[in-house]
Amino acid sequence: FQSEISRTKPFILFAESQNGAMSRSINGGVSFAPIWDDRIGDGNLSIPSPQSNFAPFDCQFRLWEDEVDSSRSRLFMAPYGKIWMALNVLDATNRPVWYNISNNSSSAGSNRRVVNIEASQDGGNLFYSLSNGGLFRVDSINDATFDTASAKFDIPAKITTTNIKGNISAGRVVTSIAIDPSNPNRALVTLGNYNNTAYVYVTNNVLDPSPTWTNVTGNLPRMPVFHGIILIDNPNYFVVATERGVWASDDNGATWELQDIGMPANVPSYIIRQYEFKPWEGPVVYVASHGRGFFKSKTFLTNVEKPTAQLNTLEVNAYPNPATDYLNVEFKAETSGQVSMVLYNLNGKQVRKVIEDVTKGQVTKTINTNGLPKGAYILSVGSGNNKKALKVLVN
């Protein structure tokens, strides 16, 4: 069923069989062992018996990592009735400690199965949807104090859970939640079922007490949509996995097109993910299909709705280098449009991002470097596949 691989410690793996039987490997998969404690498990440090009352057949879990401080990394797991969070999951020498952070059902084995879970980029919020149509947000995770002296089912103080279903069609299951990588207050959700008119919604205030959702299904065929993403480098670009293949919109959902070049059309596709292995090169999008295997693409960042400037990438310059409070970025734009300037630390974590509209010709823009730790960074300048990366220093 579910699985995760740590990006910061790739020899640590998590894998699961039926009914939430999840284990961790600290040696790259040579061996696996359970990581329960007596808060989530029983007195024998194993999951409660019978196992089928503990979790649904396919139990959702997700790994969230702090790529600078791995001790802050967390594993979120959603068996029946509660959302659990494990701390110190990347500490290979100690057993993780588990805490209940949200209650979603009063009885084990109910139909309130968690369908999808997604953490915010900073790990402070968790979003999850239920099989009965519920959509919730868990807040203030980063502000809470986690104390093993508390009762095992007690939710730590400050953590709250809010129903954010709002104006999304009632009785419909939210099949996936995607947070905009460039805006923590913006999100996209997808819905299942047939014979409806709304399958994709977007909100610009997902962190508000009651978010407002906009239907962006457009011309998308009326069919179940199983998973969706907002592209890392272009918040106007959505990609969804559906009952009839992969579809994409480069204009905020106004129009959709089937993405069947190199991939069989009309094949049900259930999971879509994006990763930036080299952040300055842009994301790679992966799709899991039904019976036809896995597919990947690096070409979703072309032909976007809002014009993106073409740069003469041989002429990008950054100064002063080393920088203290700011960094001037100088380049020649061959066309007018939009340019992104992003600073990454050497772990690949984004620390600053500026998106600017520029006109054709010689351009100078500024990135604020005040407050960044002293050291080396990667500056990525450009748009789509037209980018240049250079190394800069901060005093």
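Scroll up a little and you will see the structure.
Residues numbered from 1 in each chain as written. Predicted model: local features only at pLDDT ≥ 70, side-chain atom pairs only at ≥ 80, totals over all residues. Heavy atoms only, no water.

1. Observations regarding the overall build of the protein
If you tally the helices and strands in the protein, you get zero helices and 30 strands. Taken along its principal axes, the extent of the C-alpha atoms in the protein is 70 × 55 × 40 Å. For the protein, the proportion of its 395 residues judged to be buried stands at 51%. For the protein, the computed accessible surface area is about 17500 Å², with 49% contributed by carbon and sulfur atoms. Averaging the coordinates of the 35 positive side-chain charges in the protein and doing the same for the 34 negative ones gives two points 2 Å apart. (Helix = DSSP H or I, 4+ residues; strand = E, 2+ residues; numbered from the N terminus. Buried < 20%, exposed > 50% of the residue type's maximum accessible area, 1.4 Å probe, protein only. Areas by Shrake-Rupley, 256 points an atom, 1.4 Å probe, with all protein chains shown as cover. Lys, Arg positive; Asp, Glu negative; His and termini not counted. Charge placed at Lys NZ, Arg CZ, Asp CG, Glu CD.)

2. Side note on the packing of aromatic side chains
Overall, the coordinates contain nine aromatic pairs when judged by the stated rule. Clustering of aromatic rings is evident, with ring pairs tying together Trp 36, Phe 54 and Trp 98. The residue whose ring lies beneath Lys 82 is Phe 153, and the NZ or CZ to ring-centre distance is 5.0 Å. Sitting over the ring of Tyr 199, Arg 172 keeps its end group 5.0 Å from the ring centre. (Phe/Tyr/Trp six-rings, centres within 6.5 Å; stacked < 30°, edge-to-face > 60°. Lys NZ or Arg CZ within 6 Å of the ring centre and 35° of its normal.)

3. Re the nonpolar core
One finds Phe 331, Met 341, Leu 343, Leu 379, Val 381 and Val 392 to be the most contacted residues of the largest nonpolar core, which totals 21 residues. Counting residues per element, the ones that place at least two in this core are strand S25 (326-333), strand S26 (337-345), strand S27 (350-358), strand S28 (361-368), strand S29 (375-383) and strand S30 (386-394). Looking at this core, the element that brings in the most residues is S25, giving four residues. (Core = buried A, V, L, I, M, F, W, Y, C linked by side-chain atoms within 4.5 Å.)

4. Regarding the sheet that holds strand S17 (residues 225-230)
What the four strands build is an open sheet, ordered S17-S18-S19-S20; its pairing is antiparallel. Single-partner strands in this sheet number two, and they are S17 and strand S20 (257-258). Here S17 runs beside strand S18 (residues 238-242); their pairing, made up of five bridges, is antiparallel. Opposite His 227, over in S18, you have Ala 241 as the bridge partner. (Pairing = 2+ DSSP bridges.)

5. Topic: the pattern of salt bridges
Taken as a whole and judged by the stated rule, the model has six salt bridges. Its salt-bridge partner being Arg 72, residue Asp 66 comes within 2.4 Å of it at the nearest N-O pair. Judged by relative accessible area, Asp 66 falls into the buried class, the value being 7%. A relative accessible area of 30% means that Arg 72 is categorised as partly exposed. Ionic pairing is found between Asp 139 and Arg 137, a salt bridge with its closest N-O pair at 2.7 Å. Each member of the pair, Asp 139 together with Arg 137, is buried. One network of salt bridges, with partners in common, ties together Glu 4, Arg 62 and Glu 118. (Salt bridge = Lys/Arg side-chain N within 4 Å of Asp/Glu carboxyl O.)

6. Brief notes about the sheet that holds strand S15 (residues 200-203)
Read from one edge of the open sheet, four strands run S13-S14-S15-S16, paired in antiparallel fashion. Here the strands that pair on one side only, and so sit at the sheet edges, are strand S13 (174-179) and strand S16 (214-215). By the bridge criterion, five bridges tie S13 to strand S14 (residues 187-191) in an arrangement that is antiparallel. Of the residues in S14, the one forming a bridge with Ser 176 is Thr 190.

7. Observations regarding the pairing of strand S7 (residues 82-87)
A large share of S7 lies buried, amounting to five of its six residues. Of the strand pairs in this sheet, strand S6 (residues 74-78) and S7 are connected by four bridges, and their pairing is antiparallel. Considered in S7, the bridge of Phe 76 is made with Met 85. Two successive antiparallel strands, S6 and S7, enclose a turn made up of three residues, where Gly 81 displays a positive phi of approximately 85°. With six bridges connecting them, S7 and strand S8 (residues 97-103) associate as antiparallel partners. Considered in S8, the bridge of Leu 87 is made with Val 97.

8. Let's talk about the side chain of Thr 190
Relative to the elements of secondary structure, Thr 190 occurs in strand S14. Discounting residues that sit within four places of it in the chain, Thr 190 has contacts with Val 173, Val 174, Thr 175, Ser 176, Tyr 199, Val 225, Phe 226, His 227, Gly 228 and Val 240. (Contact = heavy atoms within 4.5 Å.)

9. Structural notes on the pairing of strand S22 (residues 284-289)
Within S22, five of the six residues are buried, leaving the element largely enclosed by the surrounding structure. Note: S22 against strand S23 (residues 294-297), four bridges, orientation antiparallel. When the sheet's bridge partners are listed, Val 285 is paired in S23 with Ser 297.

10. A short note on unusual backbone geometry
In this structure, the amide linkage connecting Tyr 319 to the following residue, Pro 320, adopts the cis form with an omega of -10°. Note that Pro 320 resides in the loop between strand S24 (317-319) and S25. One non-glycine residue, Lys 158, lies in positive phi territory at about 85°. Residue position: Lys 158 is located in the loop between strand S11 (135-139) and strand S12 (160-163).

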